[in-house]
Amino acid sequence: MPAPLSSEEASARAEALKKEIARHDELYYVLDSPEIEDHEYDALLRELAAVEASFPELLTPDSPNMRVRGAPRGEFTKVTHASPMQSLDNALDPGELDAFFDRARRFLGENSDECWVCEPKMDGLAVSLVYSDGVFELGATRGDGQTGEDVTQNIRTIRSLPLCLKRNRSGRVEVRGEVCMAREDFAELNRMREESGLPVFANPRNAAAGSLRQLDHSVTASRKLRVYLYHVNDAVSLGIATQHGVLRWLEDEGLPTQGHDRLCRSREEIAEYLGEWDTKRFTNSINTDGVVVKLNDIALREKLGSTSHAPRWAIAFKYPPEEKRARILDIEISVGRTGALTPTAVMEPVQLSGTTVQRASLHNQDEIDRKDVRIGDTVWVHKAGEIIPEVLRVDLQSRPDASKPFKIPMICPECGTEAVRLPSEAAVRCPNKSCPAQLHEGILHFVSRDCMDINGVGDKLARQLIDTGLVKSPADLYSLSPEDLRGLDRMAEKSALKVTSAVSGSKERPFHAVLNALGIRNAGKKTARDIASYFRSMDALIHAEEDELANLDGIGPIVAASITAHFADEHNMDTINRLRAAGVNMGADSAGDERCASSPLTGKKMVFTGELPSMTRQEAEEIARDLGAKVAGSVSGKTDIVVAGDNPGSKYNKAINLGITIWTADEFLEHIKPFAPDRTNL
Ligand code: IVH
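J.: Please explain the overall build of the chain as it appears in this structure.
T.: Each helix and strand in the chain was counted, giving 26 helices and 21 strands. Relative to the globule expectation of 26 Å for 682 residues, the C-alpha radius of gyration of the chain, 29 Å, shows essentially globular dimensions. Overall, the C-alpha framework of the chain stretches about 90 × 75 × 50 Å when taken along its three principal axes. Across the chain, every contact between residues at least 6 apart in sequence was considered, and the portion connecting residues at least 24 apart equals 67%. Accessible area of the chain: about 31500 Å², with a carbon and sulfur share of 50%. Side chains of the chain give 84 positive and 105 negative charges; the mean places of these two sets differ by 3 Å.

J.: Please clarify how the packing of aromatic side chains should be interpreted in this entry.
T.: Given two aromatic rings, one states the distance between the centres and the angle between the planes to describe the pair. On inspection of all chains with the given rule, the structure shows 9 aromatic pairs. Seen in terms of ring centroids, Phe-446 and Tyr-478 are 6.3 Å apart; in terms of plane orientation they differ by 80°. Their pairing is edge-to-face. Separated by 32 residues along the polypeptide, Phe-446 in helix α12 (residues 436–447) and Tyr-478 in the loop between α13 (459–467) and α14 (482–486) bring together distant segments of the chain. Under the relative-accessibility criterion, Phe-446 is labelled buried at 2%. Accessibility expressed as a relative area gives 14% for Tyr-478, which makes it buried. Here the aromatic rings of Tyr-534 and Phe-535 are separated by 4.7 Å at their centres, their planes lie at 85°, and the arrangement is edge-to-face. Three or more aromatic residues link up through ring pairs in this structure, and these residues are Phe-100, Phe-101 and Trp-116. Above the plane of the ring of Trp-313 lies Arg-301, whose end atom (NZ or CZ) is 4.0 Å from the centre.

J.: Before we go on, may I ask you to explain the side chain of Asp-185 in this structure?
T.: Within the secondary structure, Asp-185 sits in helix α5 (residues 183–195). Setting aside anything within four residues of it in sequence, one finds Asp-185 in contact with Lys-224 and Arg-226.

J.: Could you clarify how one ought to interpret a nonpolar patch on the surface in this entry?
T.: Taken together, the side chains of Tyr-28, Tyr-29, Val-30 and Leu-31 present a nonpolar region at the surface, about 370 Å² in accessible area. Checked against the element boundaries, Leu-31 lands in the loop between α1 (7–30) and α2 (38–54).

J.: Looking at this structure, I do not really get the site of the ligand. What am I missing?
T.: With respect to spatial proximity, the complete set of residues near the ligand consists of Gln-86, Leu-88, Glu-119, Pro-120, Lys-121, Met-122, Ala-126, Glu-178, Tyr-230, Val-292, Lys-294 and Pro-311. Separating a nitrogen atom of the ligand from a backbone N or O atom of Pro-120 is a distance of 3.3 Å. At a separation of 3.2 Å, an oxygen atom of the ligand approaches a polar side-chain atom of Lys-121. When isolated, the ligand has an accessible area of 530 Å², and the protein chains bury 89% of it. Of all the secondary-structure elements, those providing two or more residues to the shell around the ligand are β3 (116–122) and β10 (288–295). The greatest single-element share of the shell around the ligand, amounting to 4 residues, is contributed by β3. Each residue belonging to the shell around the ligand can be placed in one class, and the counts come to 7 nonpolar, 1 polar and 4 charged.

J.: Honestly, the sheet that holds strand β19 (residues 630–632) in this entry has me stumped. Any pointers?
T.: The strands making up a sheet associate through backbone hydrogen bonding, with each pair oriented either parallel or antiparallel. Taken in spatial order, the 4 strands line up as β19-β18-β20-β21 in an open sheet, and their pairing is parallel. The sheet is open, and its two borders are formed by β19 and β21 (661–664), each paired with just one other strand. Between one strand and the next, the sheet's axes are offset by a mean angle of 30°, whatever the strand orientation. Along the sheet, helix α24 (residues 650–658) contacts β18 (605–609), β20 (641–644) and β21; its crossing angle with β18, the most-contacted strand, is approximately 135°. Strands in contact with helix α25 (residues 665–672) are β18, β20 and β21; relative to β21, the strand with the most contacts, it is inclined by about 90°.

The rules behind each value
- Residues numbered from 1 in each chain as written.
- Predicted model: local features only at pLDDT ≥ 70, side-chain atom pairs only at ≥ 80, totals over all residues.
- Heavy atoms only, no water.
- Helix = DSSP H or I, 4+ residues; strand = E, 2+ residues; numbered from the N terminus.
- Rg over C-alpha atoms; globule rule 2.2 N^0.38 Å.
- Contact = heavy atoms within 4.5 Å.
- Areas by Shrake-Rupley, 256 points an atom, 1.4 Å probe, with all protein chains shown as cover.
- Lys, Arg positive; Asp, Glu negative; His and termini not counted.
- Charge placed at Lys NZ, Arg CZ, Asp CG, Glu CD.
- Phe/Tyr/Trp six-rings, centres within 6.5 Å; stacked < 30°, edge-to-face > 60°.
- Buried < 20%, exposed > 50% of the residue type's maximum accessible area, 1.4 Å probe, protein only.
- Lys NZ or Arg CZ within 6 Å of the ring centre and 35° of its normal.
- Patch = residues over 30% accessible without salt bridge, like charges linked within 9 Å, V, L, I, M, F, W, Y side chains within 5 Å.
- Salt bridge = Lys/Arg side-chain N within 4 Å of Asp/Glu carboxyl O.
- Near = heavy atom within 4 Å.
- Polar contact = N/O pair within 3.5 Å; in protein donor to acceptor, adjacent residues only side chain to side chain.
- Nonpolar A, V, L, I, M, F, W, Y, C, P; charged D, E, K, R; others polar.
- Pairing = 2+ DSSP bridges.
- Axes fitted to C-alpha atoms, helices over the stretch in contact; angles between N-to-C directions.

And the structure:
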């Protein structure tokens, strides 16, 4: 048993853990090359939380456990910026860019040989971040440039942002940059919102702004925001002389930058950069609507000064938005995994942002009505955030005389069931849980890589399995025999065996992947991981209360409600029970299900305080979790049992005041002995 930590040791350990966690955050979120598994990272966080629980003075603002804490706020407080957050003048064509350089030349003198830095212009939301003595202290939106909103708590949830600077540990440093959402995260967020009947965001910038300006920061935490810095206020006082130096300084402090900047010494070099980014912008994961050109030498910037709203030493070159006309040939209705009937415009092919586009989602009836899109119309299309094809508006002059407003048929095109529209939703849904289209989408999701990862079950096989009646639920995959498969199209002996062995192998998939495979509405891959690591077993999750779920990091009220609704549904429970019977991994304690079901700890909310004689607190907490308890860090009215070891802290007094059952360490061991004999003779 490790000896209890002295306060000096605890402080040193907490510092070391914070550093280690920050290093793994950088490896994972910035460098995209993690060194450790998720559960190892979670263990570091838990160890830090345990140290902080024993020594509450160590829970300082730079702790990763402070990323999501506290209750939602009523409103944002206003922040006055130390110096105005200016915007930039735009150049919309090469002529305007030339005029900008000509003017700069006039101010700088004909013979000056200034350098410029080119950076992609990110399409996000400008923010100012203040580090005080090296620790992140304040995050604010730009607002009107003079006064913004205090979004510190929300910014803290952005994992790629270090809570401490690497080197600078004294004074106040203000850095500025852009909060963005990557295209793939934007597309995934909108896909989930569409499935859930929620309005979709028009572009990544709106999604980033909507996610950052959330009063409940657990909602922000559930969105994948990123931040990239490009500016240091008062750089000269830090010994930085150039924009190039600013960017390297930021990187040396561990702050994320875009990393696509280039020093250019002539207009030709700048033109070359603009040309390169005219194509790169279509594949860059952050939506880029232009290039910012900045004077490199910070002292020289003074010579140019500013107009009332923008500096004269920088300009934003904006690429023209790509909009094309196309005729709508048809509006198709497809049925998604959750039964949402989604209308898609099928158009004449057009070239947009580097690809051929033929289809664009029209989302739902409200969107169709708002734009009044009809079959036969000629419409203007673009790619929202340069990624998702979208119908912008109808060219009314080209509308054929006989056209009629389009209404989504209130009947499922796949199974003929009458569709419904709930008053709170934008989506029309097929309510038939056995609808083959929903089943098809559900199976494809179930077998996908982030779920059960079953190789060999693709679109065609899934369709055949459903059409032949072999599969009526994902659980049926586990009773397929090679003989069942051999009768199907293009299924030889070998491939049939491959499929059944892939199905069988998937039983060992991690619990979070199984949860993701269930396709709980509004709960994606990240939520599945979060709830799996907290509840650790299907049983614990099934019995979770909605407000307990809603209180978890990164899970808001909507997701919590979806999760409880999922487990309240008989059809879903039937699938889960059949998966369990087939031997699919149901979480940490699946090996000891019976043990867990009958343990006195099952479903109990427990808190540990003080030192236990024969095991560390972490070990004790792990055993409790394995036996079905939910272990929390602090005592509240909802706590069922507090286990108090030697030298218990303030939690002990609180438990007494609240009249909560208190077990001594021995009593805890007595209770767990029959269920975990191998772990109590330590
Ligand atoms: S520099 C004083 N660099 O564009 C000028 N801005 O239109 C400070 N933006 O408010 C801005 N990427 O939100 C700069 N690489 C970049 C940028 C960038 C995006 C945004 C920023 C600014 C807006 C101005």
